[in-house]
Amino acid sequence: MLISGDDTRFGTHPAWMEIDAQALRHNLKQIRKRAASNVMVIGSVKANGYGHGVLPICKILEEAGVDMLTTGSFSDARILRNEGITTPIVMLGGALPVGISELVQEKVIPTIYNIEAANAVDVAAGSMGANGKIPVFIKVDCGMGRLGISLSGAVSFIEKVSKLKNLWIQGLYTHLSFKDENGMAFAEKRLILFYDLIGELKKRGHNIPITQALASSALAVGWQDQCSAICPGHLLYGLPSIVSHLGDIDEFLPVCKNVRTRVIHLADHQNDPNLRSGGYHTERSLPKTGVVPFGLNDGNRSFSKDKKPVVLFKGQRLPVLGVSLEHLTFEMPNNVAINLGDVITIIGKSGNDCIGMEEFSSWFDSTSLETMLSLSNRMPIILRDENHNR
């Protein structure tokens, strides 16, 4: 559910996420500044737009002029097409050859890395009587050990695919993500092999128009190359992809602005039952408790006793006592006046304080991206857009 600027509709389950459209536009501009001139930006919106909601994210990116989109979810791609998104969509690998015809019918661009998938595209295009050849992207595994045609087999594979009559190779890409110095050094060495592959293909007459190797981590450390495209993910959403000392990404803003909820229950226990007696009272040290509907089912998580998570109310930090399937219970001192229906901030700013995504994630020994994916599709999304007054 996407709502523009109004959280009062959530009376039956008052918990929601707020995303910042202007932050997303800003991040896209910052990415273009870091890239070489005339380089295409292929916005990665996999995993439901990194948990932010694929449809609102893609609407903003399309309006902002992103060149292409890429996702691994065919259901997300169909939603985008059905909702009028016309930007070219590259499907990351994930389909079996038997499913390729559906990709072709929906006019998304398949990624292929084996001859079975290539033949399936050729057959599907032929049976549909496609007007012109169907574009495909080829993925090369340059060292991640995950997905793609091997470097050693890439040239012969591409030569075979190029002879199929109903498709044409529009793009060639690889992926070498890294988080730390060791990963960075490995990626740098392996990228050279990808660039050598592009050179060899050109010598053989294969001038593939879109080539891409760099993504968020490479952009964060300031790399540029001679490829015609980049494919940022983390940086689009203001999420860190590398350890902080490797690169400065302070200019990138979090697109998930807030996760908030409202108080559904208040209790003044007055030492009945006694502190430390049982249940949540085992950990309780303050006289009052409050409950909000932000439990495991909403993407929240349990925490170990050595962690001390909090929530925010008007800039004051209130300790979390526990998380159940449906609820989060917090405690508060007598001098905090909270009423039924008051807003509690889980992630984001409240008063003069802020719980950032990284701080929240640290309570669960997790990353910012993992937190976003835990929250993905769990609650309504409110689009905050100061520029467009939505």
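Before reading on, note that the structure itself is shown above.
None of these values were measured; they are calculated from a predicted model. (Residues numbered from 1 in each chain as written. Predicted model: local features only at pLDDT ≥ 70, side-chain atom pairs only at ≥ 80, totals over all residues. Heavy atoms only, no water.)

Undergrad: What's the story with the overall build of the protein in this structure? I'm lost.
TA: Secondary structure summary: the protein contains 11 helices and 20 strands in total. Judged by the C-alpha coordinates and their principal axes, the protein covers about 80 × 45 × 40 Å. Here the protein holds 390 residues, and the buried ones make up 52% of them. Residue pairs at least 24 apart in sequence account for 68% of intrachain contacts in the protein once pairs closer than 6 positions are excluded. (Helix = DSSP H or I, 4+ residues; strand = E, 2+ residues; numbered from the N terminus. Buried < 20%, exposed > 50% of the residue type's maximum accessible area, 1.4 Å probe, protein only. Contact = heavy atoms within 4.5 Å.)

Undergrad: So what exactly am I meant to see when it comes to unusual backbone geometry here?
TA: At Tyr50, a residue that is not glycine, the phi angle is positive and equals roughly 55°. Looking at the element boundaries, Tyr50 is found in helix α2 (residues 46-50). You can call Tyr50 buried: its relative accessible area is 6%. You will see that Lys107, though not glycine, has its phi angle at about 60°, which is positive. Given a relative accessible area of 65%, Lys107 falls into the exposed group.

Undergrad: How should the environment of Met379 be read in this particular structure?
TA: Checked against the element boundaries, Met379 lands in the loop between α11 (368-375) and β20 (381-384). C-alpha separation for the pair Met379 and Ala15, spaced 364 residues apart in sequence, amounts to 6.5 Å. When residues no more than four places from it in sequence are discounted, the contact partners of Met379 are Ala15, Trp16, Met17, Val259, Phe294 and Asp298.

Undergrad: I tried to follow the packing of helix α7 (residues 151-162) against helix α8 (residues 181-203) on my own but got confused; where do I start?
TA: Think of two packed helices as two axes; the pair is described by the angle between the axes and how far apart they sit. For the pair α7 and α8, interaxial distance at closest approach is 11 Å and the crossing angle is 20°. By the angle class used here, α7 and α8 are roughly parallel. By crossing handedness, the relation of α7 to α8 is classed as right-handed. On α8, the residues that touch Leu151, Ala154, Val155 and Ile158 of α7 are Arg190, Leu193, Leu197, Glu200 and Leu201. Residue classes in the contact of α7 with α8 are distributed as 7 nonpolar, no polar and 2 charged. (Axes fitted to C-alpha atoms, helices over the stretch in contact; angles between N-to-C directions. Parallel < 35°, antiparallel > 145°, perpendicular 65-115°, else oblique. Left-handed = near helix turned anticlockwise from the far one by under 90°. Nonpolar A, V, L, I, M, F, W, Y, C, P; charged D, E, K, R; others polar.)

That is the geometry; function is a separate question.
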